[in-house]
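The lines below spell out each chain.
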Amino acid sequence: MALAPITGILRKRLIFDISAGLGLGLACSYAYWYGVHIPSVRKRDAFYAKLAQEKSQ
Amino acid sequence: MCFLSNLIWLSSNLCSNDAAQPWQFGFQDGGSPSYEGIVELHDDIMFYLILILVGVAWMLMSTIRKFNWNHNQIVHKYLNHGTVLELIWTISPALVLIAIAFPSFKLLYLLDEVIDPVMTVKAIGNQWYWSYEYSDYLDQEGQSIEFDSYLVPESDLEIGDLRLLEVDNRVVVPVDTHIRFIVTARDVIHSFAVPSLGVKLDCIPGRLNQFSLVINREGVFYGQCSELCGVLHGFMPVVIEAVSLEQYLAWLSDQIPPYLTKEGYTPCIYLCITHLPSVC
């Protein structure tokens, strides 16, 4: 029975872990950015736009 | 169960005010550009924070799972040194720190600037109340507006008042006006803090600290002394009431005994109007 090659396992594992960890992290960061930050900024800007409109009337 | 349902209700009906709320999550609603800047910086940093948290957690879990003795009996005895790896784990955090540091410094220096303020309010911390001075306005005897601001005791609270946050005399200031606050203390170190305006500055006896403030909207903004100053440290709140210019002028005329001029304004109001040309 042929043995599976054991060379390069660590390197492959490291590259996979770094890529997966940072990739997942980046996905979570963008989820926070577009799911939390941008909506709150839009809400705030809408409030001040409405306030400015009320002041101008 | 009741607690859980309340928590769910709170999460689904997230609301914030210009004072801290029971079980509040996140920040209060902002009322000044300084505060908005602080929240923006917080969100910027959160982006990197989540990236690092997830990346490190993944690496940690993977190391525990894949490289324990039971799972992987191959000892990488020749992996004593990895220049590329070291470069990666040194340069990557440095880049993240730089990405965080520059917006942070920018905001720090912006908050520190007091450029051409229209009016000045002096806040003085005492054990355990605040004194305020509006030195731009003088009465006939040359006295500026000065008053003390004490906590309203629980027995005197009215419906809608906030316990431990309400004061007898609020600091009244106009909206959309560049105000300079000068803070100091008479006895021990206090800290003048109003979270929803992005304000927190130490008040040190014998020293004047200053910050600038522009309030974007009308409202009542609550804060508390934020430097442990003695036994009643938790009982000297700060309340800033931002009003329209007209209301501010009316408040001013209440503070100084009126003596009308031909134009119909008291001298102090006239002074105010000449001081506030951009908003009059």
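Residues numbered from 1 in each chain as written. Chains lettered and ligands numbered in written order. Predicted model: local features only at pLDDT ≥ 70, side-chain atom pairs only at ≥ 80, totals over all residues. Heavy atoms only, no water.

Visitor: Which residues make up the sheet that holds strand 9 (residues 219–224) of chain B, and what are the values?
Guide: Residue and element names in this part refer to chain B. Strands sit in the order 4-10-9 across an open sheet of three strands; the sheet is mixed. Where the open sheet ends on each side, the last strands, each with one partner, are strand 4 (171–174) and strand 9. Averaged over all adjacent pairs, the angle separating strand axes in this sheet is 25 degrees, with direction ignored. By the bridge criterion, four bridges tie strand 4 to strand 10 (residues 237–243) in an arrangement that is parallel. (Pairing = 2+ DSSP bridges. Helix = DSSP H or I, 4+ residues; strand = E, 2+ residues; numbered from the N terminus. Axes fitted to C-alpha atoms, helices over the stretch in contact; angles between N-to-C directions.)

Visitor: Describe in detail the nonpolar core, supporting the description with residues and values.
Guide: All names here are of chain B. Of all hydrophobic cores here, the largest spans 39 residues; its most connected members are Y134, V173, F181, F192, I240 and Y248. By residue number, the principal contributor to this core is helix 4 (residues 245–255), which donates five residues. In this view, I240 contacts V171, V173, F181, F192, V194, L197, I215, G219, V220 and F221; residues no more than four positions away in its chain are not counted. Core analysis: the second largest hydrophobic core is formed by five residues, A19, L165, V167 and V239 among them. (Core = buried A, V, L, I, M, F, W, Y, C linked by side-chain atoms within 4.5 Å. Buried < 20%, exposed > 50% of the residue type's maximum accessible area, 1.4 Å probe, protein only. Contact = heavy atoms within 4.5 Å.)

Visitor: Give a description of the packing of helix 1 (residues 9–56) of chain A against helix 2 (residues 33–66) of chain B that names residues and reports values.
Guide: The N-to-C vectors of helix 1 of chain A and helix 2 of chain B enclose an angle of 155 degrees; their axes lie 8 Å apart at closest approach. One element, helix 1 of chain A, and the other, helix 2 of chain B, form an angle in the roughly antiparallel class. Where helix 1 of chain A crosses over helix 2 of chain B, the handedness of that crossing is right-handed. Residue composition of the contact of helix 1 of chain A with helix 2 of chain B, grouped by class: 20 nonpolar, eight polar and nine charged. (Parallel < 35°, antiparallel > 145°, perpendicular 65-115°, else oblique. Left-handed = near helix turned anticlockwise from the far one by under 90°. Nonpolar A, V, L, I, M, F, W, Y, C, P; charged D, E, K, R; others polar.)

Visitor: Talk me through the UniProt feature "transmembrane region" (unreviewed entry) in chain A; I want residue IDs and the actual numbers.
Guide: Within the UniProt annotation, "transmembrane region" (unreviewed entry) is assigned to residues 14–33 of chain A. Annotation note: span residues 14–33 of chain A, helix share 100%, strand share 0%, distance between end C-alpha atoms 28 Å. (UniProt positions renumbered as here; feature names shortened; annotations may be inferred.)

Visitor: So what's going on with the UniProt feature "domain: Cytochrome oxidase subunit II copper A binding" (unreviewed entry) in chain B? Residues and values would help.
Guide: The UniProt record marks residues 116–254 of chain B with the feature "domain: Cytochrome oxidase subunit II copper A binding" (unreviewed entry), using the residue numbering of this structure. Annotated as residues 116–254 of chain B, this span is 7% helix and 45% strand, and its ends, taken at the C-alpha atoms, are 27 Å apart.

Visitor: Requested: an account of unusual backbone geometry, with residues and values cited.
Guide: Residue and element names in this part refer to chain B. The linkage connecting Q127 with the following residue, W128, adopts the cis geometry, with an omega of 0 degrees. For W128, the position within the fold is in the loop between strand 1 (119–126) and strand 2 (129–138). One non-glycine residue, D116, lies in the positive phi region at around 50 degrees. With respect to the helices and strands, the residue D116 is situated in the loop between helix 3 (83–112) and strand 1. You will see that D176, though not glycine, has its phi angle at about 55 degrees, which is positive. In this fold, D176 is placed in the loop between strand 4 and strand 5 (179–185).

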